[in-house]
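# A closer look at the structure
Single-letter residue listing:
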Amino acid sequence: MKKRYICVGAFIITGALFSCSKKVHPVNTEHAVVTNDTTVTKKTPVKRKPKEAVPNVITVNDASAHKTVDGRYYYDLQGHRYWRNNKDGKYYLFNKTMYADAAFKPE
């Protein structure tokens, strides 16, 4: 009786080991092309969302803008910082040329 349980257990263990070592993987038939005993799968292209365009100039009420210590106004929109032009009152996307421009100097 004890031999029978040992043989059945050994049979189940060997069956499990052989079934786990299979080299065949299921293939999605929609995207597979079979040619001469080889399977080539086509990858579906990843569709990415286009990035939103960042405007270079915006018009903001000065009450909603923030003020720096030196008196300049700025506004943050979509992770970008806009600085107020003192001549026309519009907010422009930051770039390095603003340091030399007199319209962006503190009042």
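To continue, consider the overall build of the protein chain. In terms of helices and strands, the protein chain carries one helix and seven strands. The order of α-helices and β-strands along the protein chain, N terminus first, is α-β-β-β-β-β-β-β. Here the protein chain holds 107 residues, and the buried ones make up 12% of them. Considering only intrachain contacts with a sequence separation of at least 6, the fraction spanning at least 24 residues in the protein chain is 26%. When the accessible surface of the protein chain is totalled, it reaches about 9800 Å², and 59% of it is carbon and sulfur.

Turning next to a nonpolar patch on the surface. Taken together, the side chains of V8, F11 and I12 define a hydrophobic patch exposed on the protein surface, amounting to about 340 Å² of accessible area. Mapping F11 onto the fold places it in helix 1 (residues 2-20).

Here we take up the sheet that holds strand 5 (residues 73-77). The five strands lie next to each other as 3-7-6-5-4, forming an open sheet whose pairing is antiparallel. Both outer strands of the open sheet, strand 3 (57-58) and strand 4 (66-67), are each paired with one neighbouring strand and no more. Inspection of the sheet shows strand 3 paired to strand 7 (residues 91-93) by two bridges, in the antiparallel sense. Across the sheet, V57 pairs through a bridge with Y92, a residue of strand 7.

In low-pLDDT regions, the fine details of the predicted coordinates are not to be read closely. Across the protein chain, the average pLDDT comes to 81, with 79% of residues at or above 70. Confidence scores differ between elements of the protein chain, with strand 1 (residues 32-35) showing the lowest mean pLDDT of 56 and strand 7 the highest of 94.

Bringing the environment of A102 into the picture now. Position of A102 among the secondary structure elements: in the segment after strand 7. Using a relative accessible area of 55% as the deciding quantity, one classes A102 as exposed. When the C-alpha atoms of A102 and N86 are compared, they prove to be 8.6 Å apart, with 16 residues separating the residues in sequence.

Parameters at a glance
- The residue numbering used here restarts from 1 in each chain and proceeds along that chain's sequence as written.
- Residue-level local features of this predicted model are given only where pLDDT is at least 70; pairs of side-chain atoms are given and counted only at 80 or more, and the full residue set underlies all totals for whole chains, interfaces and linings.
- The basis for the side-chain values is all heavy atoms of the structure; hydrogens and waters are excluded.
- Secondary structure follows DSSP: runs of H or I at least 4 residues long count as helices, runs of E at least 2 residues long count as strands, and numbering of each begins at the N terminus.
- Exposure categories follow from relative accessible area, calculated using a 1.4 Å probe and restricted to protein chains: below 20% of the type maximum is buried, above 50% is exposed, and the middle band is partly exposed.
- For this analysis, residues touch if any pair of their heavy atoms sits within 4.5 Å.
- Under the convention used here, a 1.4 Å probe and the Shrake-Rupley method define accessible areas, while residue burial counts only the protein chains that appear.
- Nonpolar side chains (Val, Leu, Ile, Met, Phe, Trp, Tyr) within 5 Å and like charges within 9 Å form the patches, drawn only from residues with over 30% relative accessible area and no salt bridge.
- We count a salt bridge whenever a side-chain nitrogen from Lys or Arg sits within 4 Å of a carboxyl oxygen from Asp or Glu.
- We treat two strands as partners when DSSP finds at least two bridges between them.
- The predictor's confidence in any single residue is recorded as pLDDT, a number from 0 to 100.

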